[in-house]
Amino acid sequence: MQKERPLSPHLQVYKPQLTSMLSILHRGTGVFLALGTPVLVLWLLALAGGAEAYVNFQACFNNWFAQLLVFGWTYALFYHLCNGIRHLFWDVGRGFEIETLYTSGKAVMLISVLMTAVTWYFAVSRLGGAA
Amino acid sequence: MSLRSPLSKAVGLGSAKHGFSHWWWQRVSAIALIPLSIWFVFSVVCLVGGEYQTAVDWLSSPFNATLMLLFVLAALFHGQTGLQVVIEDYVHTKWVNLSILLLIKFASALLAILATISVFKVVLGG
């Protein structure tokens with residue numbers, strides 16, 4: 001009798017929902033951004049340290065891995081920012097209808113990708129102009 | 001039936017006595033970070049790949065230095081409150097939990113003071 005009961009969550013047939021995935025991503029991007037704060041402080045230290053320290057700091061970003069990290073931080077920042085606004089609406093008790101949850105979730109995904117793309121478009125075109 | 005007194009219910013504090021303030025200040029820092037982080041990204045895009053002197057001149061303006069300090073300090077504070085919740089959710093061994101929480105707090109304090117002194121040094125032209 002007990003064997004016929006479904007176990008939940010049944011991982012082989014479990015369909016992930018947009019809402020839970022975005023929630024996990026919010027936490028993930030938050031932790032990732034927190035790990036980026038030492039790099040931000042290193043930048044300020046380099047600025048305070050003089051021209052040579054600043055050039056050395058900039059040189060650390062001349063490889064694909066560092067640039068990938070910065071790209072990741074850009075997206076993480078915009079995602080966490082947009083989804084954070086979604087969270088603030090929930091905090092005041094708004095936007096909990098299922099349909100609204102999905103609409104706002106899709107909007108967050110779209111806007112965060114767009115903001116990342118616009119930011120990198122300008123950053124790369126500035127770098128291209130300088131070089 | 002609840003055994004909590006009406007006063008305890010009205011005040012709404014749990015056993016730790018400070019749950020609400022953690023939640024509240026996380027929201028306050030979140031709201032502050034909305035305009036600050038947009039300003040920060042815009043500024044970094046303007047400075048990326050640029051000369052040292054350009055960046056120093058930019059940060060030397062009291063307006064930019066103020067916003068930079070607000071951004072860094074709000075970000076460190078917000079990040080520390082968020083990491084604390086993550087650790088409390090997943091790390092259940094008491095001494096590991098406490099050790100990581102202390103490490104996060106000490107690291108945030110260290111980064112906050114490093115950032116503050118660096119910005120002041122640039123602004124005051126040291």
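Residues numbered from 1 in each chain as written. Chains lettered and ligands numbered in written order. Predicted model: local features only at pLDDT ≥ 70, side-chain atom pairs only at ≥ 80, totals over all residues. Heavy atoms only, no water.

K.L.:
Would you mind going over the overall build of chain A in detail, with residue names and values included?
P.N.:
Looking only at helices and strands, chain A has four helices and zero strands in total. Across chain A, helices and strands are ordered from the amino to the carboxyl terminus as α-α-α-α. For chain A, whose C-alpha radius of gyration is 20 Å, the value lies well above the compact-globule estimate of 14 Å for 131 residues. Along the longest, intermediate and shortest principal axes, the C-alpha atoms of chain A span 75 × 35 × 25 Å. Every one of the 131 residues in chain A was classed for burial, and the buried ones make up 30%. Contacts in chain A between residues far apart in sequence, at least 24 positions, make up 75% of those at least 6 positions apart. In the form shown here, chain A has an accessible surface area of approximately 8700 Å², with 70% of it arising from carbon and sulfur atoms. (Helix = DSSP H or I, 4+ residues; strand = E, 2+ residues; numbered from the N terminus. Rg over C-alpha atoms; globule rule 2.2 N^0.38 Å. Buried < 20%, exposed > 50% of the residue type's maximum accessible area, 1.4 Å probe, protein only. Contact = heavy atoms within 4.5 Å. Areas by Shrake-Rupley, 256 points an atom, 1.4 Å probe, with all protein chains shown as cover.)

K.L.:
So what about the pattern of salt bridges? Which residues, and what values?
P.N.:
Inspection of the entire model under this criterion finds two salt bridges over all chains. Between arginine 27 of chain B and aspartate 91 of chain A there is a salt bridge, and its shortest N-O distance comes to 2.8 Å. Remark: aspartate 91 of chain A occurs in helix H3 (residues 64-91) and arginine 27 of chain B occurs in helix H2 (residues 19-47); the pair is interchain, linking two chains. Assessed through its relative accessible area of 17%, arginine 27 of chain B is described here as buried. (Salt bridge = Lys/Arg side-chain N within 4 Å of Asp/Glu carboxyl O.)

K.L.:
Give me the packing of helix H1 (residues 18-49) of chain A against helix H4 (residues 62-90) of chain B: which residues, what numbers.
P.N.:
At a closest axis distance of 9 Å, the pairing of H1 of chain A and H4 of chain B adopts a crossing angle of 140°. On the basis of the axis angle, H1 of chain A is oblique to H4 of chain B. For H1 of chain A against H4 of chain B, the interelement crossing comes out left-handed. Where H1 of chain A abuts H4 of chain B, its residues Arg27, Val31, Ala34, Thr37, Leu40, Val41, Trp43 and Leu44 of chain A lie against Met68, Phe71, Val72, Leu76, Gly79, Leu83, Val85, Val86, Asp89 and Tyr90 of chain B. (Axes fitted to C-alpha atoms, helices over the stretch in contact; angles between N-to-C directions. Parallel < 35°, antiparallel > 145°, perpendicular 65-115°, else oblique. Left-handed = near helix turned anticlockwise from the far one by under 90°.)

K.L.:
Tell me about H3 of chain A, and please be specific about residues and values.
P.N.:
All names here are of chain A. For H3, with 28 residues, the first-to-last C-alpha span of 39 Å sits near the 40 Å given by 1.5 Å per residue. One side-chain oxygen at the N-terminal end of H3 lies 3.2 Å from the backbone nitrogen of phenylalanine 65; it belongs to asparagine 63. Glycine 93, located one to two residues past H3, shows a positive phi value of around 85°. (Expected span 1.5 Å × (residues − 1). Polar contact = N/O pair within 3.5 Å; in protein donor to acceptor, adjacent residues only side chain to side chain.)

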